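Summary of structural features
So the chains spell out like this:
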Amino acid sequence: EAAQNALRFHRTIPFYQETPLISLQCAAQRYKVDAIFVKDESCRFGLKAFKGLGGSYCMFRILCEKLGLDPAVSDYSTFLEEGIREQISKIEFATATDGNHGKGVSWAAKLFGCKAHVFMPKGTVEARRLAIEKAGSADATITDWNYDQTVRYAASLAEKNGWILIQDTSWEGYEQIPEWIIEGYLTLAAESVAQMGGKRPTHIFLQAGVGAMAGGIEAYFLNRFREEKPLVTIVEPEEAACIYQS
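Residues numbered from 1 in each chain as written. Predicted model: local features only at pLDDT ≥ 70, side-chain atom pairs only at ≥ 80, totals over all residues. Heavy atoms only, no water.

1. With respect to helix H5 (residues 100-112)
- Helix length check: H5 (13 residues) gives 18 Å between terminal C-alpha atoms against 18 Å at 1.5 Å per residue, within 8%.
- All of the buried residues along H5 are His101, Gly102, Lys103, Gly104, Val105, Ser106, Trp107, Ala108, Ala109, Leu111 and Phe112.
- Remark: Gly113 follows H5 within two positions and exhibits a positive phi of approximately 85°. (Helix = DSSP H or I, 4+ residues; strand = E, 2+ residues; numbered from the N terminus. Expected span 1.5 Å × (residues − 1). Buried < 20%, exposed > 50% of the residue type's maximum accessible area, 1.4 Å probe, protein only.)

In structure tokens:
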């Protein structure tokens, strides 16, 4: 149900396009399996990543709540109305990011016509900061701290300035917004099932950063195919194996 709500919203964005599910037939033959599919998110909204799905849907839910709109009947077109657009222009968001999440938030802020402030950890290359600003309407700043410290810094500035923190990591008392981000990612899962023509996947491989996408997609498929659950494997690089280490 959450996936269908997110998909309904994303379809109303004017340049929404379903990303391809590519069949690797030669690889399937080589490994003697029925089929191997890869969901190619590199062309999603021109951002080269799936992150715009989470940022835009979460921002939609936050703005609905802020303006007293019903998310079940509202969609992107609702936010093109002049009166609503004027109210949104005064709203500001803040987030901490290692890259793609901030890019998605910046893009979503431009989409809705509001502002965003993105903070990045020490060591972030300048090209990533510039990419965030180019993607939308956010100003991006590289801090002198690591990722976790940067999250705390973004949260403190949001509280001080009356901004809305839109973070893809959760902690006690801050769970609803990360949950909406996760629900936004479910669009790619719903698309995949439709593209497979109802065929049940037996094995799913997901990459993980902070784990929001991996956790959400895993939950979707385990709920969708409760009688014959697929085996899910989380894959991480050795240099940043956060979930594996924890």
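Now, onward.
2. A few points about the packing of helix H3 (residues 51-67) against H5
- At a minimum axis separation of 8 Å, H3 and H5 run at an interaxial angle of 50°. Of the possible angle classes, the one that applies to H3 and H5 is oblique. The way H3 lies across H5 gives a crossing that is right-handed. Residues Lys51, Gly52, Gly55, Ser56, Met59, Phe60 and Leu63 of H3 lie in contact with H5, whose contacting residues are Asn100, His101, Gly104, Val105, Trp107, Ala108, Ala109, Leu111 and Phe112.
- Class assignment for the residues of the contact of H3 with H5 results in nine nonpolar, six polar and one charged. (Axes fitted to C-alpha atoms, helices over the stretch in contact; angles between N-to-C directions. Parallel < 35°, antiparallel > 145°, perpendicular 65-115°, else oblique. Left-handed = near helix turned anticlockwise from the far one by under 90°. Contact = heavy atoms within 4.5 Å. Nonpolar A, V, L, I, M, F, W, Y, C, P; charged D, E, K, R; others polar.)

3. Quick notes on the nonpolar core
- Of all hydrophobic cores here, the largest spans 70 residues; its most connected members are Met59, Phe93, Phe112, Ile166 and Ile177.
- Of all the elements, helix H8 (residues 176-195) adds the most residues to this core, at nine residues. (Core = buried A, V, L, I, M, F, W, Y, C linked by side-chain atoms within 4.5 Å.)

4. As for the sheet that holds strand S3 (residues 92-96)
- One open sheet accounts for four strands, arranged S5-S4-S3-S6; its pairing is parallel. A single partner strand is all that each edge strand has here, and the edge strands are strand S5 (138-142) and strand S6 (164-165).
- As paired elements, S3 and S6 share two bridges and run parallel to each other. What sits directly across from Ala94, in S6, is Leu165.
- Set on the sheet, helix H6 (residues 126-135) makes contact with strand S4 (115-120) and S5; between it and S5 the angle comes to about 165°. (Pairing = 2+ DSSP bridges.)

5. Describing the pattern of salt bridges
- Taken as a whole and judged by the stated rule, the model has eight salt bridges.
- A salt bridge links Lys51 to Asp168; the nearest nitrogen and oxygen atoms lie 3.7 Å apart. In this pair, Lys51 is assigned in helix H3 and Asp168 in the loop between S6 and H8, connecting sequence segments 117 residues apart. Both residues of the pair, Lys51 and Asp168, count as buried. (Salt bridge = Lys/Arg side-chain N within 4 Å of Asp/Glu carboxyl O.)

6. Notes on unusual backbone geometry
- If you check the backbone angles, Phe45 has positive phi at about 55° while not being a glycine.
- As for its position among the elements, Phe45 is in the loop between strand S2 (37-39) and H3.
- You can call Phe45 buried: its relative accessible area is 11%.
- Positive phi, normally seen in glycine, also occurs at Lys48, with a value near 65°.
- For Lys48, the position within the fold is in the loop between S2 and H3.

7. Overview of the packing of aromatic side chains
- Following the criterion strictly, the structure yields 16 aromatic pairs and no others.
- Ring plane angle 80° and centroid distance 5.9 Å describe the contact between Phe60 and Phe79, whose orientation is recorded as edge-to-face. Of this pair, Phe60 sits in helix H3 while Phe79 sits in the loop between H3 and helix H4 (82-88), and the two are 19 residues apart along the sequence. With respect to burial, Phe60 and Phe79 carry one shared label: buried.
- Each ring, one from Trp171 and one from Tyr174, has its centre 4.6 Å from the other, and the planes form 15°; the classification is stacked.
- Ring-pair connections join several aromatic residues into one group, and the members of that group are Phe9, Tyr57, Phe60, Tyr76, Phe79 and Phe112. (Phe/Tyr/Trp six-rings, centres within 6.5 Å; stacked < 30°, edge-to-face > 60°.)

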